[in-house]
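A look at the structure
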Amino acid sequence: MKYGISTFITDQGIGPVALGRALEERGFGMLLIAEHSHIPVERRSPWPGGGELPGKYYRTLDPFVALTAAAVATDHLLVGTGVALVGQRDPIHTAKEVASLDLVSGGRAVFGVGVGWNREEMRNHGTDPATRGRLVNERLALIRSLWTEETTEFHGEFIDLDPVYSWPKPVHRPHPPIFVGGGERAFPRVARYGDAWLANGVPPEELGPQISRLREAAGRDVPVTVFDASHDEADVAAYAELGVERLLFALETRPEAETLRALDTMTAVVPAEH
């Protein structure tokens, strides 16, 4: 099993360069960072975590700027979104941003995607929450085509695009891995577009049956990465028993010195060969 970190990078915590270097020095193999373009002042959508929305949601850096900074400061660290809110993003720009990150990082980009939960935020982008799932699917299909085809033409429910060129193409072939986030309702999206399922904080006792249902739905052995995972020693061992490919430990957004101490604590429960 491999290990990485999922976190929010903000203007009040450790910067992406220092964080990327600290992860690589400690043997972590992946960094996924969250995205929110903004948070509307008047909010009605409940935060899935319950209670008040934490301050880090209001202050996230642009993920591709932050990930580029982390990438150029490291040599081996995989860098990606956890998750990019595809329903709120122009897909042509997004395809270019991911491909550009993959190019400057030497093929180390990971595209973690999700539909999002904050209906007010997505409405500000012109997205109807009722159709956001279908919109995300269509945009993923377009992005994948822009990465892999010489020219792309697309005519769907939401996108009407006459033939276009789009460069650069990603370094990673056939394209950067797409990690699809979400619960069981996302399994059809994982099956159709995903290179892996990004299970959000699912405890080991619930994850095993879900993996079986995912692989039955997909008709293939879909790799599983657990996002925002516990670094409790017993949980780490249980995830390994389930055949999880990678654990991404949840790292709170704190100043640099506090972050380095937290990383050292996490490293202590990870097997030496990581």
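As shown above, the structure is provided for reference.
Throughout what follows, the structure given in this document is the object of discussion.

Focus on a nonpolar patch on the surface
Taken together, Leu103, Val104 and Val171 make up a surface patch of nonpolar side chains, about 240 Å² in accessible area. In this fold, Val171 is placed in the loop between β6 (160-164) and β7 (178-181). Val171 gets classed as partly exposed once you look at its relative accessible area, which sits at 38%.

Description of the pairing of β6
As paired strands, strand β5 (residues 152-155) and β6 are joined by three bridges and run antiparallel to one another. Considered in β6, the bridge of Phe154 is made with Leu161. Connecting β5 to the antiparallel partner β6 that follows it, the hairpin turn spans four residues.

Focus: the nonpolar core
The nonpolar side chains of a soluble globular protein tend to be buried, and buried together. Membership of the largest hydrophobic core comes to 61 residues, with the highest contact counts inside it found for Ile5, Phe111, Trp197, Leu207, Leu247, Phe249 and Leu263. Of all the elements, helix α5 (residues 132-148) adds the most residues to this core, at six residues. Sequence-distant contacts of Leu207, defined by excluding residues within four places in its chain, comprise Trp197, Ala199, Val202, Val224, Val226, Tyr239, Leu242 and Val244. Judged by nonpolar contacts, the second largest core, of eight residues, contains Met30, Leu32, Val110 and Leu248.

As for the pattern of salt bridges
A full pass over the atoms with the stated rule returns 12 salt bridges. Among the ionic pairs, Arg26 bridges to Asp264, the shortest N-O distance being 2.8 Å. Highlighted residues: Arg26 in the loop between α1 (16-25) and β2 (30-33) and Asp264 in helix α9 (residues 256-267), separated in sequence by 238 residues. Judged by its relative accessible area of 18%, Arg26 falls in the buried class. On the accessibility criterion, Asp264 (43% relative accessible area) is partly exposed. Measuring nitrogen to oxygen at the nearest pair gives 3.9 Å for the salt bridge that ties Glu258 to Arg254.

So, unusual backbone geometry
With an omega of 5 degrees, the peptide bond between Trp167 and Pro168 qualifies as cis. For Pro168, the location among the structural elements is in the loop between β6 and β7. Here the bond from Arg173 into Pro174 is cis, since omega is 0 degrees, no more than 30 degrees from zero.

Overview of the packing of α1 against helix α2 (residues 63-72)
Across the interface, α1 lies against α2 with an axial gap of 8 Å and an inter-helix angle of 45 degrees. With respect to α2, the axis of α1 lies oblique. Taken as a pair, α1 and α2 cross one another with a handedness that is right-handed. Seen from α1, the contacting residues are Pro16, Val17 and Gly20; seen from α2, they are Ala66, Ala69 and Ala70.

Brief notes about the sheet that holds strand β9 (residues 224-229)
Read around the closed barrel, the eight strands follow the order β1-β2-β3-β4-β7-β8-β9-β10; overall the barrel is parallel. Taking each pair of neighbouring strands and ignoring which way they run, the sheet shows an average axis angle of 25 degrees. Its contacts with the sheet put α2 on β2 and β3 (78-85), and the angle it makes with β3 is roughly 170 degrees.

Comments concerning α9
Its 12 residues give α9 an end-to-end C-alpha distance of 16 Å, which sits within 8% of 16 Å, the value for a rise of 1.5 Å per residue. Contacts made by the buried residues of α9 are with β1 (2-7), α1 and β10 (246-251).

Overview of the pairing of β1
Successive residues of a regular strand alternate their side chains across the two faces of the sheet. In terms of burial, β1 is a largely internal element, five of the six residues being buried. As paired strands, β1 and β10 are joined by six bridges and run parallel to one another. If you follow Thr7 over to β10, its bridge partner there is Leu251. By the bridge criterion, four bridges tie β1 to β2 in an arrangement that is parallel. By the bridge assignment for β2, Gly4 is matched with Met30. Read from β1 through α1 to β2, the crossover connection turns out right-handed.

Reading the values: rules and limits
- Residues numbered from 1 in each chain as written.
- Predicted model: local features only at pLDDT ≥ 70, side-chain atom pairs only at ≥ 80, totals over all residues.
- Heavy atoms only, no water.
- Patch = residues over 30% accessible without salt bridge, like charges linked within 9 Å, V, L, I, M, F, W, Y side chains within 5 Å.
- Areas by Shrake-Rupley, 256 points an atom, 1.4 Å probe, with all protein chains shown as cover.
- Salt bridge = Lys/Arg side-chain N within 4 Å of Asp/Glu carboxyl O.
- Helix = DSSP H or I, 4+ residues; strand = E, 2+ residues; numbered from the N terminus.
- Buried < 20%, exposed > 50% of the residue type's maximum accessible area, 1.4 Å probe, protein only.
- Pairing = 2+ DSSP bridges.
- Core = buried A, V, L, I, M, F, W, Y, C linked by side-chain atoms within 4.5 Å.
- Contact = heavy atoms within 4.5 Å.
- Axes fitted to C-alpha atoms, helices over the stretch in contact; angles between N-to-C directions.
- Parallel < 35°, antiparallel > 145°, perpendicular 65-115°, else oblique.
- Left-handed = near helix turned anticlockwise from the far one by under 90°.
- Expected span 1.5 Å × (residues − 1).
- Right-handed = clockwise from strand over helix to strand, strands pointing away.

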